[in-house]
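Remarks on the overall topology
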Amino acid sequence: MSNRISHWLVGNPAQPLSIQESGAAIALLLIFAFSLNILPPNFSFTGMAEVTGDGSLFNQAFWIGIFILSLWTLVNSKRTLSGVFFMALPLLMMCMYLLVSSLWSLAPAISFRRSILELIVIVSILAIISALQTPSQVFIILYRVAAITLMFESVMLLRTNGFDEAGFFRGIHTQKNVLGLVGAVAVLTGIWVRTSGVLIKTHWNAIYL
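The rules behind these values
Residues numbered from 1 in each chain as written. Predicted model: local features only at pLDDT ≥ 70, side-chain atom pairs only at ≥ 80, totals over all residues. Heavy atoms only, no water. Helix = DSSP H or I, 4+ residues; strand = E, 2+ residues; numbered from the N terminus. Expected span 1.5 Å × (residues − 1). Buried < 20%, exposed > 50% of the residue type's maximum accessible area, 1.4 Å probe, protein only. Arc of directions from axis to C-beta. Contact = heavy atoms within 4.5 Å. Patch = residues over 30% accessible without salt bridge, like charges linked within 9 Å, V, L, I, M, F, W, Y side chains within 5 Å. Areas by Shrake-Rupley, 256 points an atom, 1.4 Å probe, with all protein chains shown as cover. Salt bridge = Lys/Arg side-chain N within 4 Å of Asp/Glu carboxyl O. Axes fitted to C-alpha atoms, helices over the stretch in contact; angles between N-to-C directions. Parallel < 35°, antiparallel > 145°, perpendicular 65-115°, else oblique. Left-handed = near helix turned anticlockwise from the far one by under 90°. Nonpolar A, V, L, I, M, F, W, Y, C, P; charged D, E, K, R; others polar. Phe/Tyr/Trp six-rings, centres within 6.5 Å; stacked < 30°, edge-to-face > 60°. Lys NZ or Arg CZ within 6 Å of the ring centre and 35° of its normal.

Description of helix 8 (residues 176–196)
When the terminal C-alpha atoms of helix 8 are compared, their 30 Å separation across 21 residues agrees well with the 30 Å that a helix rising 1.5 Å per residue should span. Of the residues making up helix 8, those classed as buried are Leu179, Val182, Ala186, Thr189, Gly190 and Val193. One side of helix 8 carries all its buried residues, which in axial view fall inside an arc of 105°. Opposite the packed face of helix 8, turned more than 90 degrees from it, sit the exposed residues Leu181, Leu188 and Thr195. The secondary structure elements touched by the buried residues of helix 8 are helix 7 (137–156) and helix 9 (203–208). Just downstream of helix 8 lies Gly197, where phi reads positive at about 85°.

Digging into a nonpolar patch on the surface
A cluster of nonpolar side chains, namely Phe86, Met87, Leu89, Met93, Met94 and Tyr97, defines an oily patch on the protein surface of about 710 Å² accessible area. Considering every element that reaches the nonpolar patch, the biggest residue donor is helix 5 (residues 89–101), with four residues. By the element assignment, Phe86 lies in helix 4 (residues 82–87).

A word on the packing of helix 3 (residues 57–76) against helix 6 (residues 108–130)
Running from N to C, helix 3 and helix 6 cross one another at 45°; their axes reach a closest spacing of 9 Å. By the criterion of interaxial angle, the relationship of helix 3 to helix 6 is oblique. For helix 3 against helix 6, the interelement crossing comes out left-handed. Residues Trp63, Ile66, Phe67, Ser70, Thr73 and Leu74 of helix 3 lie in contact with helix 6, whose contacting residues are Leu117, Ile120, Val121, Ser124, Ala127 and Ile128. In terms of residue class, the contact of helix 3 with helix 6 is built from nine nonpolar, three polar and no charged.

Structural notes on the packing of aromatic side chains
Per the stated rule, a full pass over the model turns up nine aromatic pairs. A centroid spacing of 4.3 Å and a plane angle of 10° characterise the contact between Phe34 and Phe62, whose relative ring orientation is stacked. With a gap of 28 residues between them, Phe34 in helix 2 (residues 19–35) and Phe62 in helix 3 connect regions that are remote in the sequence. For the pair Phe34 and Phe62, a shared accessibility class is recorded, and that class is buried. Between Phe34 and Trp63 the ring centres are 5.7 Å apart and the planes differ by 85°, which places this aromatic pair in the edge-to-face class. In this pair, Phe34 is assigned in helix 2 and Trp63 in helix 3, connecting sequence segments 29 residues apart. Of the two residues examined, Phe34 and Trp63, each falls in the buried class. Residue placement shows Arg144 over the ring face of Trp8; its charged tip is 4.5 Å from the ring centre. Sitting over the face of the ring of Phe168, Lys176 holds its NZ or CZ atom 5.4 Å from the ring centroid.

Considering the environment of Ile140
Checked against the element boundaries, Ile140 lands in helix 7. Take Ile140: its relative accessible area is 5%, and that puts it in the buried class. C-alpha of Ile140 to C-alpha of Ala14: the two residues are 126 residues apart in sequence and 15 Å apart in space.

Put into structure tokens, the structure is as follows:
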């Protein structure tokens, strides 16, 4: 079952996916869904976000699970990771700057902890992407998640809490600006998928766009 899901996620490639490739595809699905605010979907959000100094238990458990999965992928993958990490070197250098900046932070312990988490997230995603068959599968997975997000947005059109206090549509997200960012990424991804030749039929893509 999971193998069929992972094959669908990456566009049903001609070459069968290995266990590591299937795991990487599902892990990337979870990361994208989490980043686009649909894991878990919250249809009862009132616009009042809880303000706390630490992340929620769900967030911490999620990223710990992703990190463990990425380590498993890293150990068992037959591909070299040097190319992926070299391309992402500027991003990794920014993480190093974040770590160093905790020395002059007003709250060094909190800054250091958040910098470590940022590094864990980036390294996990790079390891997972490197385990895919091709880099283009990243965009296909994102397209799948964006389509699911679009269905949730349609549900929120029928709910009063899908709109903020000023009457602007925010969908399933925290505010309209988040919806705008997600929408821009989703449209660009949909255009890429349409022009890449991955899709056999494009009528659903036209509706999506």
